[in-house]
Amino acid sequence: MVTFYIDSASREDVTRLLATGLFGGVTTNPAILERAGLGSSDLPDLVAWANDAGARRVFVQSWGAEAAEIADRGETLRALASNVVVKVPASRAGVEAAARLSVGGEVLVTAVHSAAQLLPIMASGAGFLAPFVGRMIASGRDGLAETIAMQAVVTATGSPLRILAGSLRTPAQMLALASAGVQHLTLGPAVWDLLFEDDVTAAAVENFERLAQGELAFVAAGQSAVLA
């Protein structure tokens, strides 16, 4: 089963998409907050309204120069709600912080750009790993191959680590990852909309609607004739 997450801090978009019942929650980071005109001080409010909208998980990112600082701040973020997943960067300090934080709850290690980075993250006990597929591709790497290789290692070793693929740009990328066993995908609202943009499907739906409306008109006319 594939679980989708909304990669956005826009209250309007998050509320609209969670209402569909098709998303497991929300993923955020400092860059996403900035795009929504928010900052770290807004995280308590963001977690509250995302949960009110039905999020099962809310991913929020800790920060700091040292592992202890990242871990301590992560504990503070975790206290915001029971379904908060603390995100830490795939740096030396971030992975060390993940080892500390994973004892008390779910942790995601983010900004992964190489399959080899998976190995210390597995050792940390983190529950999620987020490879940035689109950014790897933009940097000249094969983001799909790197992510699929991560999933292969997880499967081969029986690790409970879950790959949460991010920085996704196209439905084709999502399909390739799901085909390789990646079950968690996070994407922006615009990328989600691409899943429903198909000219042939749109024409079929329009035809169904036209026929249905014609049938309704026919039935209504028949009922009117009987009443007359």
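Residues numbered from 1 in each chain as written. Predicted model: local features only at pLDDT ≥ 70, side-chain atom pairs only at ≥ 80, totals over all residues. Heavy atoms only, no water.

**Quick word on the overall build of the chain**
Within the chain, the regular secondary structure consists of 11 helices and eight strands. C-alpha atoms of the chain, sized along the principal axes, occupy 80 × 35 × 30 Å. The buried share among the 228 residues of the chain stands at 41%. The long-range share in the chain, meaning contacts at least 24 apart out of those at least 6 apart in sequence, stands at 56%. Carbon and sulfur atoms form 58% of the exposed surface of the chain, whose accessible area is close to 11,500 Å². Taking the 15 positively charged and 22 negatively charged side chains of the chain as two groups, their mean positions are separated by 7 Å. (Helix = DSSP H or I, 4+ residues; strand = E, 2+ residues; numbered from the N terminus. Buried < 20%, exposed > 50% of the residue type's maximum accessible area, 1.4 Å probe, protein only. Contact = heavy atoms within 4.5 Å. Areas by Shrake-Rupley, 256 points an atom, 1.4 Å probe, with all protein chains shown as cover. Lys, Arg positive; Asp, Glu negative; His and termini not counted. Charge placed at Lys NZ, Arg CZ, Asp CG, Glu CD.)

**Brief notes about the sheet that holds strand 8 (residues 184–187)**
Spatial strand order, 1-2-3-4-5-6-7-8: eight strands in a closed barrel with parallel pairing. This sheet shows a mean twist of 25° between the axes of neighbouring strands, independent of strand direction. As paired elements, strand 7 (residues 162–165) and strand 8 share two bridges and run parallel to each other. Across the sheet, the residue bridging to Leu164 is His184, located in strand 8. The strands touched by helix 5 (residues 92–101) within the sheet are strand 4 (84–89) and strand 5 (107–112), with strand 4 carrying the most contacts at an inclination of about 155°. Contacting strand 5, strand 6 (128–131) and strand 7, helix 8 (residues 143–157) runs over the sheet at an angle of about 165° to strand 7. (Pairing = 2+ DSSP bridges. Axes fitted to C-alpha atoms, helices over the stretch in contact; angles between N-to-C directions.)

**Some details on the environment of Pro120**
As for its position among the elements, Pro120 is in helix 6 (residues 118–124). The class of Pro120 is partly exposed, set by a relative accessible area of 44%. Counting along the chain gives 24 residues from Pro120 to Glu96, while the straight-line C-alpha distance between them is 9.1 Å.

**A closer look at helix 9 (residues 171–179)**
All of the buried residues in helix 9 are Gln173, Met174 and Leu177. Around the axis of helix 9, the buried residues are gathered within 100° of arc, so they sit on the same side. Exposed side of helix 9, more than 90 degrees from the buried face: Ala172, Leu175 and Ser179 are the residues found there. Immediately downstream of helix 9, the backbone of Gly181 shows phi near 100°, a positive value. (Arc of directions from axis to C-beta.)

**Thoughts on helix 1 (residues 11–18)**
Buried within helix 1 are the following residues: Val14, Leu17 and Leu18. Seen along its axis, helix 1 keeps its buried residues to an arc of 95°; they face one direction. Buried positions along helix 1 lie against strand 1 (3–7), strand 2 (23–27), helix 3 (43–52) and helix 10 (189–194).

**Some thoughts on the nonpolar core**
Ranked by size, the top nonpolar core spans 54 residues in total, and within it Val88, Ile121, Leu129, Met150 and Leu185 carry the most contacts. Beyond its immediate stretch of four places on either side in the chain, Ile121 contacts Ala90, Val95, Val109, Val112, Ala126, Leu129 and Leu161. Listed in part, the seven residues of the second largest apolar core include Val85, Phe128, Ala130 and Leu164. (Core = buried A, V, L, I, M, F, W, Y, C linked by side-chain atoms within 4.5 Å.)

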